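Read off the chains here:
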Amino acid sequence: MRTPTRIAGALAGLTLALGGAAALVAPTAHADIPACTQMAAQAGAEMTDAVTAACTRGVSGDVQGCVSGLTQAGVPGGAANGACRTAAHEPR
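### Some points on the environment of S60
So, step 1. Residue placement: S60 occurs in the loop between α3 (49-59) and α4 (63-72).
So, step 2. Note: C-alpha distance between S60 and A88 (28 residues apart in sequence) is 7.0 Å.
So, step 3. Within polar-contact distance, the side chain of S60 engages the backbone oxygen of R57 at 2.8 Å.

Written out as structure tokens, the structure is:
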């Protein structure tokens, strides 16, 4: 195999590897705090820093911590669970 062909192959492999790594990081960058806080507001909670902090916990994957925080902020359990699960997923 010639050197230019090897270099092109190595660069293509590197590009694919870096693209795959970026895809693994991307969901946290696109997590849905606004949808979580909106669901909490629809359930009757006031929009406070506690609600935003709880939804932020949901975004980072701490769904139970998010539910606990929203429940303490006055969101009923089922609505808190749904809002936190929404926060943990990428918006569509």
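### Re the side chain of D32
So, step 1. Structurally, D32 can be placed in the loop between α1 (3-29) and α2 (33-42).
So, step 2. Polar side-chain contacts of D32 include one of 3.3 Å to the backbone nitrogen of A35.

### Here's the deal with the state of the cysteines
So, step 1. One pass over the structure, following the stated rule, counts 2 disulfides.
So, step 2. Sulfur-sulfur distance for the disulfide between C36 and C55 comes to 2.0 Å. Across the S-S bond linking C36 and C55, the dihedral sits near -75°, which makes this disulfide left-handed. One end of the pair, C36, is in helix α2; the other, C55, is in helix α3, with 19 residues separating them in the sequence. As far as burial versus exposure is concerned, C36 and C55 are alike and both buried.
So, step 3. One disulfide bridge connects C66 with C84, the sulfur atoms lying 2.0 Å from each other. For the disulfide bridge between C66 and C84, the dihedral angle about the S-S bond is near -85°, and by the sign convention the bridge is left-handed. With C66 in helix α4 and C84 in helix α5 (residues 77-87), the pair connects residues that are 18 residues apart, well separated along the chain.
So, step 4. For C66, a relative accessible area of 0% gives the class buried.
So, step 5. Here the protein pairs its bonded cysteines, counted in sequence order, in the arrangement 1-2, 3-4.

### Observations regarding the nonpolar core
So, step 1. Residues C36, A40, L70, V75 and C84 are the most contacted members of the largest nonpolar core, which totals 16 residues.
So, step 2. Elements with a contribution of two residues or more to this core: α2, α3, α4 and α5.
So, step 3. Those residues within four positions of C36 in sequence are excluded, and the remaining contacts are C55, C66, L70, A83, C84, T86 and A87.

Each value, and the rule that gives it
Residues numbered from 1 in each chain as written. Predicted model: local features only at pLDDT ≥ 70, side-chain atom pairs only at ≥ 80, totals over all residues. Heavy atoms only, no water. Helix = DSSP H or I, 4+ residues; strand = E, 2+ residues; numbered from the N terminus. Polar contact = N/O pair within 3.5 Å; in protein donor to acceptor, adjacent residues only side chain to side chain. Disulfide = S-S within 2.5 Å. Buried < 20%, exposed > 50% of the residue type's maximum accessible area, 1.4 Å probe, protein only. Core = buried A, V, L, I, M, F, W, Y, C linked by side-chain atoms within 4.5 Å. Contact = heavy atoms within 4.5 Å.

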